[in-house]
2 protein chains.
Amino acid sequence: MGTRRDFLGKMSLTALSLPILYSPTSLFAACEQPYDGPMLRVAIMGLGSYGTRVAKAMVDCKRAKLVGVISGTPSKILKWQATYDIPQKNCYNYDDFDAIKDNPDIDAVYIITPNALHCEQAIRVAKAGKHVICEKPMAINAEEAERMVNACKDAKVKLLVGYRMHFEPKTVEVIRMRQAGEFGQPKFFQGQSGFVMGNPNQWRLDKELSGGGAMMDIGIYSINGARYMLGEEPIWITAQETKTDPVKFKEGIDETITFQMGFPSGAVASCLSTYAMNHLDRFYMTGEKGWVEMRPSTGYGPIKGRTHKGELLQPHITHQTLQMDGMAQLIFEDVQPLVPVDGEEGLRDMKIIDAIYKAVKTGGKVDL
Amino acid sequence: MGTRRDFLGKMSLTALSLPILYSPTSLFAACEQPYDGPMLRVAIMGLGSYGTRVAKAMVDCKRAKLVGVISGTPSKILKWQATYDIPQKNCYNYDDFDAIKDNPDIDAVYIITPNALHCEQAIRVAKAGKHVICEKPMAINAEEAERMVNACKDAKVKLLVGYRMHFEPKTVEVIRMRQAGEFGQPKFFQGQSGFVMGNPNQWRLDKELSGGGAMMDIGIYSINGARYMLGEEPIWITAQETKTDPVKFKEGIDETITFQMGFPSGAVASCLSTYAMNHLDRFYMTGEKGWVEMRPSTGYGPIKGRTHKGELLQPHITHQTLQMDGMAQLIFEDVQPLVPVDGEEGLRDMKIIDAIYKAVKTGGKVDL
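Numbering of residues starts from 1 in each chain and follows the order in which that chain's sequence is written. Chain labels run from A onward and ligand labels from 1 onward, assigned in the order the entries are written. It should be noted that, the model being predicted, local features are given only for residues of pLDDT at least 70 and side-chain atom pairs only at 80 or more, the latter also being counted only at that level, while totals for whole chains, interfaces and linings use all residues. The basis for every side-chain value is the complete set of non-hydrogen atoms in the structure, without hydrogens or water.

What follows deals with the pattern of salt bridges. The rule for a salt bridge is simple: a side-chain nitrogen of Lys or Arg has to be within 4 Å of a carboxyl oxygen of Asp or Glu. Per the counting criterion, the structure on display carries 42 salt bridges over all chains. The salt bridge involving Glu293(A) is made with Arg306(A); its shortest N-O contact spans 3.0 Å. Note that Glu293(A) is positioned in strand β13 (residues 291-294) and Arg306(A) in strand β14 (residues 305-307), a separation of 13 residues in sequence. A 1.4 Å probe rolled over the protein chains alone gives each residue an accessible area, and that area as a share of the maximum for its type sets the label: buried under 20%, exposed over 50%, partly exposed in between. The exposure class assigned to Arg306(A) is partly exposed, which follows from its relative accessible area of 36%. The closest approach of N and O atoms between Glu345(B) and Arg348(B), which form a salt bridge, is 3.1 Å. Here Glu345(B) pairs with Arg348(B), and both are found in helix α11 (residues 343-362), just three residues apart, close to one helical turn. Only runs of H or I of at least four residues qualify as helices and only runs of E of at least two qualify as strands under DSSP, and these elements are numbered from the N terminus.

Below, the structure is given as structure tokens:
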């Protein structure tokens with residue numbers, strides 16, 4: 001980690017004196033010149049389909065590099081080693097990965113395992129002295145998330161959550177517009193997050209591993225979106241569950257939840273989280289002076305959006321590439337995205353998920 | 001009314017044997033030829049801004065004609081008489097309009113007065129033996145609506161509610177597509193109905209006259225839209241009220257309500273009713289096989305819509321013109337719109353409004 005320390009030393013009098021705000025445009029404008037700063041050397045924990053997507057996206061990163069893997073499946077490790085030229089000394093399994101603390105060639109571990117495993121894994125990574133990047137939901141409830149935040153604080157490592165939309169150019173532009181007052185006071189957010197869940201045997205439908213259903217996996221986008229589109233934290237939650245297929249979606253696995261949030265300004269959010277419908281993936285926000293629609297709003301492909309001022313024309317860049325480069329900038333240069341991606345940000349969403357499940361159970365309004 | 005009876009007599013063996021379904025296209029195709037059937041001779045009760053809009057739209061009607069007025073303001077009556085060539089014998093006030101029963105030149109009265117007056121006025125019109133067309137909401141609660149339905153049944157007159165969207169060509173096409181299964185099983189409806197209410201001194205913000213706030217005036221579009229877009233009747237309701245301006249929106253006048261409805265198939269609706277936000281007026285429905293977005297969805301101007309198959313290209317025709325011609329067809333030829341506009345249809349919406357206000361009050365789920 002010598003490189004990073006040297007770099008931080010060099011930067012301290014200039015860049016670190018004021019927070020630098022992340023801009024996907026400036027990032028990529030800068031990248032047209034050769035980059036010779038430090039590289040964030042990342043090990044991915046969990047080599048499933050999303051881990052694979054992140055690994056592929058990282059090939060195009062300018063500031064981050066996949067250098068290690070943690071997996072319980074030796075055959076997967078062999079395949080990844082071959083594909084990404086990963087040395088044997090950077091390969092771990094779930095029993096021995098605490099030894100990563102003695103590996104000077106890994107800066108951070110990106111945890112992309114089932115939700116219910118994140119908390120203990122993140123705490124072990126923190127104790128090993130490595131930065132923690134954790135896929136969302138960062139945990140299965142706020143209590144776990146809080147333990148993760150504290151563990152990373154204690155270990156003096158960063159805890160970042162995989163909020164890729166916070167680096168997505170059109171989303172960043174909308175947040176910038178909102179912060180600049182271009183919509184006026186935001187009044188209403190509407191989020192439609194969901195899809196028809198295919199394979200009924202995956203871990204996402206196993207409560208022991210997922211901690212919940214659609215809300216954990218896809219509903220969280222509407223929760224987080226409401227917060228970054230409105231720029232406030234909710235003060236109350238109501239929620240209603242509908243289940244049409246109790247065989248596929250067992251006890252504790254939510255299929256469809258509509259939920260509402262009230263905000264201090266009087267703004268309201270009305271959201272859908274579902275594993276039973278397609279043609280959704282839309283955010284809408286209206287304010288006193290304007291509006292924005294994003295559709296698709298959070299899918300992996302190009303985001304499309306328009307506001308009262310016209311179509312959003314920022315380029316599509318693979319979200320995970322932007323995210324990992326952005327997180328490297330955050331770690332090495334303290335360049336902050338307009339909306340945080342830290343553990344506290346993840347914890348806020350977990351508190352809301354807890355409240356949504358509570359509201360479903362009690363049928364009443366839950367104050368936050 | 002001799003013309004009408006003769007016509008019904010002639011039609012009885014053909015048109016009345018099977019229900020004929022309304023089609024705005026066939027209506028206007030037919031209208032290219034001169035129309036020589038009966039004219040629905042209408043008196044408008046309540047000469048306010050919406051009454052004025054209806055009167056102007058009726059100038060272009062082929063099957064309906066404005067022939068009378070009922071108003072408490074003599075100066076307005078004089079003005080309307082001059083504008084629309086209305087004979088003195090067809091002019092009434094709120095005290096003497098029961099005498100309309102002896103007027104053979106009026107077939108129907110369109111009640112466009114404050115909501116809280118509809119019930120008693122409709123019952124008086126029915127007792128006078130005239131068809132009742134009543135602006136929506138048809139009453140201020142289901143109990144009143146039921147009395148209106150019964151009174152019109154007893155008097156053997158039609159009771160029609162001003163659901164202009166049921167005659168609007170793009171809306172009719174979407175309903176046709178839904179009925180034909182082109183969206184597959186509908187799963188989710190999202191309705192955003194509202195605008196920033198201007199003039200704080202109008203009757204719509206006076207509980208004694210309006211019976212409620214935004215829900216009565218504009219939220220009802222999302223209620224009715226959910227029902228015609230999903231093709232089902234809700235079995236439960238939840239609702240949450242937010243009030244940011246208790247001076248403008250006094251006790252009993254709802255400013256912003258989010259509400260949700262569950263349907264027997266498992267479909268859900270998530271809706272917004274507000275007097276405090278602009279840039280709304282959107283319907284969205286997704287089904288197993290397709291989707292539709294309408295925006296604007298219920299404004300007076302051209303409706304815009306697109307589905308998974310492309311843009312809806314049906315022409316814009318002034319809604320109130322289509323509505324009044326359609327209602328004339330309904331009365332004289334029993335041509336039914338794809339979704340009814342009768343008293344029972346209005347009563348269903350009133351039961352839902354009652355449930356929404358109850359859900360706001362209790363904070364819990366209200367079963368229907």
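Residue and element names in this part refer to chain A. Strand pairing requires that DSSP identify at least two bridges connecting the strands. Strands sit in the order β4-β3-β2-β5-β6-β7 across an open sheet of six strands; the sheet is parallel. Looking at which strands have only one partner, the edges of the open sheet turn out to be β4 (91-92) and β7 (159-161). In this structure, strand β2 (residues 40-45) lies alongside strand β3 (residues 64-70), joined through six bridges in parallel fashion. Bridge pairing in β3 links Arg41 to Lys65.

A few words on the relation of the copies chain B and chain A. Structural alignment of chain B on chain A gives an RMSD of 0.0 Å, achieved by rotating through 180° and translating 0.0 Å along the axis. The symmetry that links the two subunits is that of a two-fold axis. Closest approach to the rotation axis within chain B is made by the C-alpha atom of Gly364(B), at a distance of 2.8 Å. Only residues with pLDDT of at least 70 in both copies contribute their C-alpha atoms to the least-squares superposition of the copies.

Here the focus is the interface of chain B and chain A. Working rule for contacts: check all heavy atoms of both residues, and any pair within 4.5 Å makes them a contact. Facing the 37 residues of chain B at the interface are 37 residues of chain A. As used here, buried area is the combined drop in accessible area, with a 1.4 Å probe, of two parts when they are placed together. Between chain B and chain A, a total of about 2,700 Å² is buried, with carbon and sulfur atoms accounting for 54% of that surface. Here chain B and chain A share two salt bridges between them. Of the charged contacts, one joins Glu293(A) and Arg295(B) as a salt bridge, the two residues approaching to 3.7 Å between their closest N and O atoms. Distance and chemistry together define a polar contact, namely a pair of N or O atoms within 3.5 Å, with one atom able to donate a hydrogen and the other to accept it when in protein, and with adjacent residues in sequence counting only for side-chain atoms on both sides. Linking chain B to chain A there are eleven residue pairs in polar contact (both at pLDDT 80 or more). When contributions to the side of chain B that touches chain A are tallied by element, the ones reaching two or more residues are β8 (186-194), β9 (236-242), β10 (256-262), β11 (268-274), β12 (282-287) and β13 (291-294) of chain B.

Residues and elements named next belong to chain A. To estimate how far a helix should reach, multiply one less than its number of residues by 1.5 Å. An ideal rise of 1.5 Å per residue puts 24 Å on 17 residues; helix α9 (residues 214-230) measures up with 23 Å between its terminal C-alpha atoms. Within α9, 17 of the 17 residues are buried, which leaves it mostly tucked inside the rest of the structure. Once α9 ends, the next one or two residues include Gly231, with phi positive near 75°.

It is worth spelling out the pairing of strand β12 (residues 282-287) of chain A at this point. Residue and element names in this part refer to chain A. Counting buried residues along β12, six of its six residues qualify, which places the element largely inside the surrounding structure. Side chains of β12 alternate between two faces, with Arg282, Tyr284 and Thr286 and Phe283, Met285 and Gly287 buried alike. Bridging between strand β8 (residues 186-194) and β12 involves six bridges; their strand directions are antiparallel. By the bridge assignment, Gly191 is partnered in β12 with Phe283. Between β12 and the antiparallel strand that follows it, β13, lie three residues.

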